[in-house]
Amino acid sequence: MPADAPVPAGLPEGLGRGPGETDALLLLRCLLGPTPRSLHALVWSAGSASRALARIRSGGAGSDNDRSFLTNTDVIAIRSGLDRAGARLAAPGDPDYCPAFLRLADPPIAVFVRGRVLDHGDDRVAVVGSRRPTNTGMEVALDLGRGLALAGVVTVSGGAVGIDAAAHRGALDAGGVTVAVLGSGIDVAHPARNRDLFQRIEASGTLVSEYPPGTPAEPFRFPARNRLIAALSRGVVVVEGAAKSGTRITAEHAVDLGLDVFAVPGPVTSPLAETPLGLIRDGATMIRGTADLLEDLRLEGAASGERALPRGLSADEGKVLASLATSMLPSAVAAATGIPVADTLTVLIALEIRGLVRGVGGRFERTFKAAATQPGA
Amino acid sequence: MYGRVIGVTVLGVGGHPVTVEAFVGRGLPSLTVTGLPGAAVQDARDRIRPAVEHAELEWPLRRVVVNLAPGNLRKEGAGLDLPIAVSVLVATRQVPPKAAAGHVFYGEVSLKGEVLPTPGVISVAIAAARRGLRGVIVPVANAVEAAQVAGLAVTGVASIQEVVGFLRGTWRPPEIGTLVSQRVAAGSADLSEVRGQDEARRALEVAAAGGHNLLMVGSPGAGKTMLARRLPTILPDLTREEALEATQLHSVAELLAGRGLLRERPFRAPHHSVSTAGLLGGGSTVLRPGEASLAHRGVLFLDELTEFRRDAIEALRQPLEDGRIVVTRAGGSVSFPARFTLVAAANPCPCGFSGDPQRSCRCRPDQVDRYRQKLSGPLLDRIDLRLTIPRLTKDELLGASAGESSAVIRDRVIEARDRQRRRYSALGITCNAHLPGPIARREARLCPDAERLLGRAVDHMALTGRGFDRVIKVARTVADLAGADRVSEHHVAEALSYRTAFEQDQGLARAG
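This structure is a prediction, so every number in the text was calculated from the model and none was measured. (Residues numbered from 1 in each chain as written. Chains lettered and ligands numbered in written order. Predicted model: local features only at pLDDT ≥ 70, side-chain atom pairs only at ≥ 80, totals over all residues.)

Enquirer: Which parts of the structure should I look at to understand the overall build of chain A?
Expert: Of the regular secondary structure elements, chain A holds 16 helices and 11 strands. Based on the C-alpha atoms only, the size of chain A along its principal axes is roughly 80 × 40 × 35 Å. Considering chain A as a whole, with its 377 residues, one finds that 53% of them fall into the buried category. Residue pairs at least 24 apart in sequence account for 68% of intrachain contacts in chain A once pairs closer than 6 positions are excluded. (Helix = DSSP H or I, 4+ residues; strand = E, 2+ residues; numbered from the N terminus. Buried ≥ 20, exposed ≤ 12 C-beta atoms within 10 Å, placed from the backbone. Contact = placed C-beta atoms within 7 Å.)

Enquirer: Mind showing me how you'd approach the overall build of chain B here?
Expert: Within chain B, the regular secondary structure consists of 22 helices and 18 strands. A separation threshold of at least 6 residues defines the contact pool for chain B, and within that pool the share at least 24 residues apart is 74%.

Enquirer: Sorry if this is basic, but what is going on with the interface of chain A and chain B here?
Expert: One frequently used descriptor of interface size is the decrease in accessible area upon assembly of the parts. Facing the 28 residues of chain A at the interface are 29 residues of chain B. For the side of chain A that touches chain B, the secondary structure elements donating two or more residues are helix H6 (135-150), helix H7 (163-173), helix H14 (330-337), helix H15 (341-353) and strand E10 (357-360) of chain A. No other element matches H15 of chain A, which puts 6 residues into the side of chain A that touches chain B. Residue classes in the side of chain A that touches chain B are distributed as 14 nonpolar, 8 polar and 6 charged. (Nonpolar A, V, L, I, M, F, W, Y, C, P; charged D, E, K, R; others polar.)

Enquirer: Could you clarify how one ought to interpret the domain arrangement of chain B in this entry?
Expert: Residues and elements named next belong to chain B. Looking at the assigned domains, one finds that chain B contains domain 1 (2-179) and domain 2 (191-434). The straight-line distance from the C-alpha centre of domain 1 to that of domain 2 is 40 Å. With 19 residues of domain 1 at the contact, the number on the domain 2 side is 20 residues. Breaking the side of domain 1 that touches domain 2 down by element, the ones donating at least two residues are strand E1 (2-11), helix H4 (121-130) and helix H5 (143-146). The element contributing the most residues to the side of domain 1 that touches domain 2 is H4, with 3 residues. Class assignment for the residues of the side of domain 1 that touches domain 2 results in 10 nonpolar, 6 polar and 3 charged. (Domains from an automatic or database assignment.)

Enquirer: Please clarify how the domain arrangement of chain A should be interpreted in this entry.
Expert: All names here are of chain A. What the domain assignment reports for chain A is domain 1 (21-79), domain 2 (124-306) and domain 3 (315-373). A C-alpha centroid distance of 32 Å is found between domain 1 and domain 2. Opposite the 4 residues of domain 1 that make contact, domain 2 presents 4 residues. For the side of domain 1 that touches domain 2, a count of residues per class yields 3 nonpolar, no polar and 1 charged.

Enquirer: What is the right way to read the sheet that holds strand E5 (residues 178-182) of chain A from this model?
Expert: Paired through their backbone hydrogen bonds, the strands of a sheet run either parallel or antiparallel. Residues and elements named next belong to chain A. The mixed open sheet is built from 9 strands, whose spatial order is E1-E2-E6-E5-E4-E3-E7-E8-E9. Edge positions in the sheet fall to strand E1 (87-90) and strand E9 (285-286), since each of these pairs with one other strand and no more. Across the sheet, helix H9 (residues 222-231) touches strand E3 (124-128), strand E4 (154-157), E5, strand E6 (206-209) and strand E7 (235-238), and the angle it forms with E5 is around 160°. (Pairing = 2+ DSSP bridges. Axes fitted to C-alpha atoms, helices over the stretch in contact; angles between N-to-C directions.)

Enquirer: Sorry if this is basic, but what is going on with the environment of Pro 96 of chain B here?
Expert: Take Pro 96 of chain B: it is sitting in the loop between helix H2 (81-91) and helix H3 (97-100). As for Pro 96 of chain B and Gly 3 of chain B, which are separated by 93 residues in sequence, their C-alpha atoms are 9.7 Å apart.

Enquirer: What should I look at first to understand the pairing of strand E18 (residues 385-389) of chain B in this one?
Expert: Sheet faces and side chains relate simply in a regular strand, where the side chains alternate between the two faces. Residue and element names in this part refer to chain B. Here E18 lies mainly inside the structure; 5 of its 5 residues are buried. Across the two faces of E18 the burial is the same, with Leu 385, Leu 387 and Ile 389 and Arg 386 and Thr 388 all buried. Here 5 bridges tie strand E10 (residues 214-218) to E18, and the two strands are oriented parallel to one another. From the neighbouring strand, Leu 215 faces E18, where its bridge partner is Arg 386.

Enquirer: How do you make sense of the confidence of the model for chain A when you look at a structure like this?
Expert: Detail in the predicted coordinates should be disregarded across regions flagged by low pLDDT. Averaged over chain A, the pLDDT score is 88; the fraction of residues at 70 or greater is 94%. At the low end of the mean pLDDT range in chain A sits helix H16 (residues 368-373) of chain A, at 71; at the high end sits E4 of chain A, at 97. (pLDDT = per-residue confidence, 0-100.)

Enquirer: How should I be thinking about the confidence of the model for chain B in this particular structure?
Expert: Residue and element names in this part refer to chain B. The share of residues in chain B with pLDDT of 70 or more is 95%, and the mean pLDDT across the chain is 88. When the criterion is pLDDT under 50, residues 507-512 qualifies, and its contacts beyond four places in sequence or with other chains add up to 12 contacts. Reported confidences for the modelled complex are a pTM of 0.79 and an ipTM of 0.70.

Enquirer: So what exactly am I meant to see when it comes to the nonpolar core here?
Expert: Most often, soluble globular proteins have nonpolar side chains that are buried together. The biggest cluster of nonpolar side chains holds 160 residues, and the ones touching the most others in it are Ala 85, Val 124 and Ala 146 of chain B. The dominant element in this core, judged by the number of residues it contributes, is H2 of chain B, at 8 residues. Setting aside residues no more than four positions away along its own chain, Ala 85 of chain B makes contact with Ile 48, Ala 51, Val 52, Val 109 and Ile 160 of chain B. In terms of nonpolar packing, the next biggest core, distinct from the first, is built from 92 residues, Ile 56, Tyr 97, Leu 144 and Leu 150 of chain A among them. (Core = buried A, V, L, I, M, F, W, Y, C linked by C-beta atoms within 7 Å.)

Enquirer: Is there a simple way to explain the sheet that holds strand E5 (residues 103-105) of chain B in this structure?
Expert: Residues and elements named next belong to chain B. Spatially, E3-E4-E2-E1-E5-E8-E9 is the arrangement adopted by the 7 strands of the open sheet, whose pairing is mixed. Edge positions in the open sheet fall to strand E3 (30-34) and strand E9 (153-157), since each of these has one partner strand only. The sheet shows a mean angle of 30° between the axes of neighbouring strands, direction not considered. Sheet analysis places strand E2 (residues 14-25) next to strand E4 (residues 63-69), joined by 7 bridges and oriented antiparallel. Residue Val 24 lies in a different strand from E4, and its bridge partner there is Val 64.

Here's what the structure looks like:
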């Protein structure tokens, strides 16, 4: 095959099948030099994993680093390392290898997996967004995870802090199952603060990574990771994301794969609303929360029960809640409602205890819960 | 030939009377000092002879032995120069022994025979009065300070000649009355100058009324320092007893600058590079009070709390608990009073803009975590009031009406403090902040509504046991400010609102 010919989609038939092929695939996938795209091209031009490996060993492809890695490593050591991490290799055709990966322009030649075997009958939806979201974004992601879990849908996301973690937690807290696609090695808990979360995900769901054990988390690996999140899902929900973010990349992969893209809007002035608003303008479906998402996915919303209007709001509580257009100082709320400052504060604290209002930096604002319970207010 | 006078050595802030005996006998001319003299006292041996000769008095060209009693007490400071000189003059009968008896002599002398300003004079006067002595003879620069102690004849002298003249009855000291300091025109700072920030102004009032320590978290430029500086203006005036305590500390630290008695509550704002010794007191030979003691009966303001040395911050726990600091060195240990209101300020995150509606925070989540970790810990447990100071928008600043003046607020604070003093007279404490937790729960007297709100807060706001006690104490103070016997729902709600951005974020932080 000439070098400049376009690389075919999918992967060569029987890649990684047969004697020696599985080991060759494992070794190939453990090389840190080649990108997923160059590995994909290499297996196509070589025709099989073992021939691709031979080409690297002979200097026909790959780098000196790859060759020194191959001379210093043996398959047995790699396999025992995988066992120690509780991980396994999933080659095309394995139950753990999601068939939808093959629809990507550069499908992974194999992935590493921990936890439950991926069930291809699962309905999976991705929830992605910023690593530095607003409080509202966090609340929305938590609620989306919970709503999807209660509707029996598996939540897919990355392993980052912020929206990713909130979506996982929302789903897990509601007894749901999630899949996390990592941008680091399958055994590397990055970020460290999510270590507990990864354990919870693995207990009921699955961790997926394209990278061999020990690979550190590095920013250049995250865009490639995002294509797997999209491929694993039937739809992608974008909660918050800056203009040129990984979130945007995930959404673009979803568009390439022909998936449904949903976006939760934010204020036009907010940098974190740039990706969702841009997607909506490009034709993504705008959702205001979990109820909208479930409706669009034609799912019965078990989550709607959570949304009942809180009973017993007093007249003052209603007034205060209605006056909180933006994030406001207690004195400003008092001025807007005509309620004395001391009483306003009491009302605000009562509302905060009910989860309808939250204090941020000395000001108070409505929570997502309050927004959803006060249509039109 | 023998002479005896009384001097005082100041150790820490306490004055200790010292009997100074001089014996002039046969032998080569020399001066020996016995009785545990410290380094500064040893120096006096070479200083005193030229001083006496310069005053046109005679130094005995014989063997002079000076003994400082009690012999087991370490003697520090140059204040013993004057009594040593006078004891020799008494021994040589250049001064009548009877005239010198009953006075305390204190002051450093120069080679020219001048009596120089000396730290610790007020402690000397207090020790003299306690001993029942008739009068003190001190440097004229410090006479006003000594005159603050009642029932003591104070003589301010500028030279050894004047001392001798006074004792011989040939020289009369200037009237002290003319020197007594008036109240320094109260500084221009007033709480009414702080625009907007109604919630923070109110929190300062609560802190002042209940003696609560205060943490302010807010973006740079939000006004944390401006607010903290105005806390002393709403505290009750120093009582005479408190003023004497504070003046002693400032006197030994040589910070009185000619004033007699401290009238304003001290405000100390050490830079965050301060050492542990600088904050708590110490020194190698003479133990000096630290910033925490200089803030005694006033306000200690720690701006950029996270930048302070960890050990210095940890060491503040002792004064916050006991109201005093014990400094121990090879030479012995000294206790400095340090009962202050702590006001700490910090940014909400390393870049300072977390939670700011107009600027976005540039910190990574783990940086914020680490930063907040620094702010937690044992010191924070002793801060009842935590407050977020929002940076105000232009509209909020322009729309703000002028607030109440410090004087108006101080009247309410004084009333609230009186209520607490009456209520706790049997407990031996003066304000809500010092209530031990279990007693606070009993003494607070919550209405059923207040109990209910507090119960819901425990469930929904993740209040810890300590946090619960803090809310009760603060709610009690809010009720005292309102003149209420029982704590109502409103009071608890206000107390619950005094939380930092960190605590507000905690629910979500756990989620992500």
